[in-house]
Amino acid sequence: MTNPLEQEVARRRTFAIISHPDAGKTTLTEKLLLFGGAIQLAGQVRAKGDRRRTRSDWMSIERARGISVVTSVMTFEYEGTVFNLLDTPGHEDFSEDTYRTLTAVDAAVMVIDAAKGIEARTRKLFEICRLRDIPIITFVNKMDREARDPLDLLDEIEKGLALSVAPMVWPIGQGKEFAGTYDLNSPRVRQIEQDPEGVPVSGPDDPLIPKLVRPDTFAKWRDEIDLVKDLCTSFDRQAFLEGHLSPVYFGSALKNFGVRDLLEALIAYAPPPRDQQAAGRVVHATEPKMTGIVFKIQANMDPNHRDRIAFMRLASGKLTRGMKAKLVRTGKTVALNAPQFFFAQDRSIADEAYAGDVVGIPNHGLLRIGDTLTEGEDVVFTGVPSFAPEILRRVKLGDPMKAKKLREALEQLAEEGVVQLFIPADGSPAIVGVVGALQLDVLADRLANEYGVPASFEPSRYEVMRWISCDDPKKLDEFITSNRFSIANDLDGDPVFMAQSAFSLNYTLERAPEIRTTEIKEMHKPQ
């Protein structure tokens with residue numbers, strides 16, 4: 001008989017939703033939560049009037065533009081399974097946040113627009129999942145609108161992503177004629193806006209199916225069923241868990257169709273919390289002692305209280321409210337007096353949480369991205385990266401009297417991962433680094449609205465930045481001294497070298513072969 005900890009861990013499913021912007025990811029998130037009984041009315045991203053705003057897009061800039069720019073975390077329960085759903089930013093300017101989020105999940109749902117197929121952002125996010133061997137369930141969304149041929153879509157996934165696909169259901173009609181789906185594994189027809197359980201049928205030739213669509217549509221559908229049975233791979237859970245095969249579902253998130261199939265697939269096929277790699281050893285989810293990794297910081301989720309929440313994925317054991325944990329980076333003890341479960345910006349106190357759960361820990365700047373909390377062991381988890389920014393800008397302050405406030409605001413937003421902050425060694429104004437221009441819009445919006453510091457950005461004379469290190473500290477100091485006007489320090493105090501161009505970077509480094517540079521920095525390396 002398994003012990004209570006193992007039982008609790010086994011019923012957890014922690015997953016992310018990945019897609020290109022506008023494929024319907026946020027709408028699908030809403031409908032999943034509706035199934036979990038977490039919300040009463042799902043708000044479409046571009047809903048009009050006073051209908052409830054989309055719950056997972058809570059920041060003002062998200063609601064205004066109808067896009068997701070931060071990771072939302074939502075915990076809900078369905079059919080005895082506890083889901084931790086991470087809704088990632090679809091916009092490419094927030095890829096770093098997305099990458100870190102994908103270090104905290106065990107599975108992903110890939111949403112594809114039935115009319116557009118695989119788009120650039122989907123491909124990039126898929127590659128991140130592949131790097132981490134994250135199993136993927138595919139959901140072809142918007143079948144109730146004009147869509148491409150389902151066989152073409154499957155072929156594009158197989159060839160474009162080098163991923164075997166196993167269709168679990170097959171759409172009956174599409175666009176205005178989309179009538180529902182046929183279950184390929186246990187013959188059953190689920191009709192749109194009918195009982196989600198569906199109706200058992202004798203097979204593809206059951207007399208019910210021709211009644212749902214036009215005769216020519218049925219004839220085409222019947223041929224497709226034979227092709228699918230002959231050509232497509234049948235579902236193999238082991239291949240799915242290894243990231244080689246994806247089960248495919250068709251539906252319409254807007255019409256709340258096919259969403260239940262997804263939840264049931266996550267329960268049946270997605271893995272329970274997986275073991276996590278730490279420096280020196282593997283941490284098993286069912287170990288009795290609690291360990292967790294902070295993968296995201298979010299400030300000011302509640303504008304009425306200047307709060308700051310660290311999102312922590314529990315890697316092992318059980319967290320109990322009031323317990324004391326060790327912050328491995330500093331050796332300090334942290335009292336977990338008010339850990340929280342989230343439902344976008346709504347929250348509730350978590351009296352207990354288990355491996356796989358994502359909890360929020362209120363703090364005042366003590367915790368940073370990449371931090372590990374344990375019950376005493378010095379464990380440092382690996383694989384939470386920071387990337388060299390692609391855009392560098394100087395911060396221009398409108399009111400010189402607010403210089404100190406600006407510095408504090410930039411430090412907080414950098415700790416949160418909104419931007420990277422670099423303080424030049426020569427004392428010139430701070431430089432912020434971002435992956436894409438939209439991040440600058442978000443930064444300006446938050447500086448003005450949350451901190452009351454209106455600021456603008458002007459081009460920096462630097463275009464390229466790399467972290468630098470050297471085995472010989474004396475040689476590193478000499479390099480820093482001789483290139484003082486191109487050196488800055490990041491939030492952790494680590495030195496970076498900034499250059500006006502890639503040519504200039506290479507030219508300088510060729511003359512200092514002992515200096516190592518890197519574009520990716522582990523958030524907290526083991527000391």
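Above: the structure in question.
So, a few notes on the structure that sits alongside this text. (Residues numbered from 1 in each chain as written. Predicted model: local features only at pLDDT ≥ 70, side-chain atom pairs only at ≥ 80, totals over all residues. Heavy atoms only, no water.)

**Quick look at the overall build of the chain**
- If you tally the helices and strands in the chain, you get 13 helices and 33 strands.
- Counting only residues that meet the buried cut, the chain has 56% of its 527 residues in that class.
- On the chain, roughly 22,200 Å² of surface is accessible, and the fraction owed to carbon and sulfur atoms is 49%. (Helix = DSSP H or I, 4+ residues; strand = E, 2+ residues; numbered from the N terminus. Buried < 20%, exposed > 50% of the residue type's maximum accessible area, 1.4 Å probe, protein only. Areas by Shrake-Rupley, 256 points an atom, 1.4 Å probe, with all protein chains shown as cover.)

**Considering the packing of helix α2 (residues 25-35) against helix α9 (residues 259-269)**
- Relative to each other, α2 and α9 sit at 70°, their axes nearing to 10 Å. In terms of orientation, α2 and α9 fall into the roughly perpendicular class. Note on element contacts: α9 touches α2 through V259, R260, L262 and L263, opposite L28, K31, L32 and F35.
- Counted by class, the contact of α2 with α9 contains 6 nonpolar, no polar and 2 charged residues. (Axes fitted to C-alpha atoms, helices over the stretch in contact; angles between N-to-C directions. Parallel < 35°, antiparallel > 145°, perpendicular 65-115°, else oblique. Contact = heavy atoms within 4.5 Å. Nonpolar A, V, L, I, M, F, W, Y, C, P; charged D, E, K, R; others polar.)

**As for the packing of helix α10 (residues 403-416) against helix α11 (residues 437-451)**
- Between α10 and α11, the shortest axis-to-axis distance is 11 Å and the interhelical angle comes to 120°. If you check the angle between α10 and α11, you find them oblique. Read as a crossing pair, α10 and α11 show a hand that is right-handed. Residue-level contacts link K405, L406, A409, L410, Q412, L413 and E416 of α10 to L443, R446, L447 and Y451 of α11. (Left-handed = near helix turned anticlockwise from the far one by under 90°.)

**So, the packing of aromatic side chains**
- Summed over all chains, the structure comprises 10 aromatic pairs.
- Both rings, one in W170 and one in F250, keep their centres 5.4 Å apart while their planes meet at 70°; by these two values the pair is edge-to-face. Remark: F250 occurs in strand β11 (residues 245-250) and W170 occurs in strand β7 (residues 169-172); sequence separation between them is 80 residues.
- With a relative accessible area of 0%, W170 lands in the buried category. (Phe/Tyr/Trp six-rings, centres within 6.5 Å; stacked < 30°, edge-to-face > 60°.)

**Observations concerning the side chain of D206**
- Assignment of secondary structure puts D206 in the loop between β10 (199-200) and α7 (215-231).
- Within the structure, the side chain of D206 is placed 2.9 Å from the backbone nitrogen of S202, a separation counted as a polar contact.
- Within the structure, the side chain of D206 is placed 3.0 Å from the backbone nitrogen of L208, a separation counted as a polar contact. (Polar contact = N/O pair within 3.5 Å; in protein donor to acceptor, adjacent residues only side chain to side chain.)

**Examining the sheet that holds β10**
- Read from one edge of the open sheet, 4 strands run β7-β8-β9-β10, paired in antiparallel fashion. Strand pairing shows two members of the sheet lacking a second neighbour, β7 and β10, which therefore form its edges.
- Sheet topology note: the β7/strand β8 (residues 180-183) ladder contains 4 bridges and is antiparallel. Its bridge partner lying in β8, V169 is registered against D183.
- Across the sheet, α7 is in contact with β7 and β8; its angle to β7 comes to roughly 165°. (Pairing = 2+ DSSP bridges.)

**Some remarks on the pairing of strand β2 (residues 72-78)**
- Of all 7 residues making up β2, 6 are buried, and the element is well covered by its neighbours.
- Bridging between β2 and strand β3 (residues 81-87) involves 7 bridges; their strand directions are antiparallel. Residue F76 lies in a different strand from β3, and its bridge partner there is F83.
- The turn joining β2 and β3, which pair antiparallel and follow one another in sequence, is formed by 2 residues; a positive phi near 50° is taken by E79.

**As for the pattern of salt bridges**
- Enumeration according to the criterion identifies 37 salt bridges in this entry.
- The salt bridge partner of R260 is E264, with a shortest N-O separation of 3.2 Å. You can see R260 and its partner E264 sitting in helix α9, 4 residues apart, about one turn around the helix.
- A relative accessible area of 16% means that R260 is categorised as buried.
- Residues participating in the shared-partner salt-bridge network are E8, R11, R12, E77 and D357. (Salt bridge = Lys/Arg side-chain N within 4 Å of Asp/Glu carboxyl O.)

**Things to note about the sheet that holds strand β29 (residues 464-469)**
- An order of β28-β25-β27-β26-β30-β31-β29-β32 is seen for the 8 strands of this open sheet, with the pairing classed as antiparallel. In this open sheet, the two edge strands, each paired with only one partner strand, are β28 (455-459) and β32 (516-518). Shown here is a sheet whose adjacent strand axes are inclined to one another by a mean of 40°, direction ignored.
- The pairing of strand β26 (residues 420-424) with strand β30 (residues 487-489) spans 2 bridges and is antiparallel. When the sheet's bridge partners are listed, I423 is paired in β30 with N489.
- The strands touched by helix α12 (residues 473-482) are β29, β30 and β31 (495-499); relative to β29, the strand with the most contacts, the crossing angle is about 150°.

**Quick notes on the pairing of β11**
- Buried residues dominate β11, accounting for 6 of its 6 residues.
- Of the strand pairs in this sheet, strand β6 (residues 164-167) and β11 are connected by 4 bridges, and their pairing is parallel. Looking at β11, one finds that A166 is bridged to P247.

**A look at the nonpolar core**
- Within the largest apolar cluster, 81 residues are counted, with the highest numbers of intra-cluster contacts made by F15, L28, L32, L102, V109 and Y182.
- A per-element tally of this core places strand β4 (residues 107-113) first, with 6 residues.
- When neighbours within four sequence positions are excluded, L32 is seen to be in contact with F15, I17, F76, L85, V259 and L263.
- Formed by 27 residues, the second largest nonpolar core is a distinct cluster that contains V283, A315, L319 and L367. (Core = buried A, V, L, I, M, F, W, Y, C linked by side-chain atoms within 4.5 Å.)

**Quick look at the side chain of E415**
- Position of E415 relative to the elements: it lies in helix α10.
- Residue E415 is classed as buried on the basis of its relative accessible area of 13%.
- There is a polar contact of 2.3 Å between the side chain of E415 and the side chain of R308.
- When sequence neighbours within four positions are dropped, the list of residues in contact with E415 reads I297, R308, G365, R368, I369 and L491.

**Quick word on the environment of R511**
- Here R511 lies in the loop between α13 (502-510) and β32.
- Within polar-contact distance, the side chain of R511 engages the backbone oxygen of Y507 at 3.1 Å.

**Quick look at unusual backbone geometry**
- In this structure, D133 is a non-glycine residue whose phi angle is positive, near 55°.
- Within the secondary structure layout, D133 lies in the loop between α5 (120-131) and β5 (136-141).
- Residue D133 is classed as partly exposed on the basis of its relative accessible area, which comes to 43%.
- In the Ramachandran plot, N256 falls in the positive-phi region, its phi being about 60° despite a non-glycine side chain.
- On the secondary structure map, N256 appears in the loop between β11 and α9.
- For N256, a relative accessible area of 30% corresponds to the partly exposed category.

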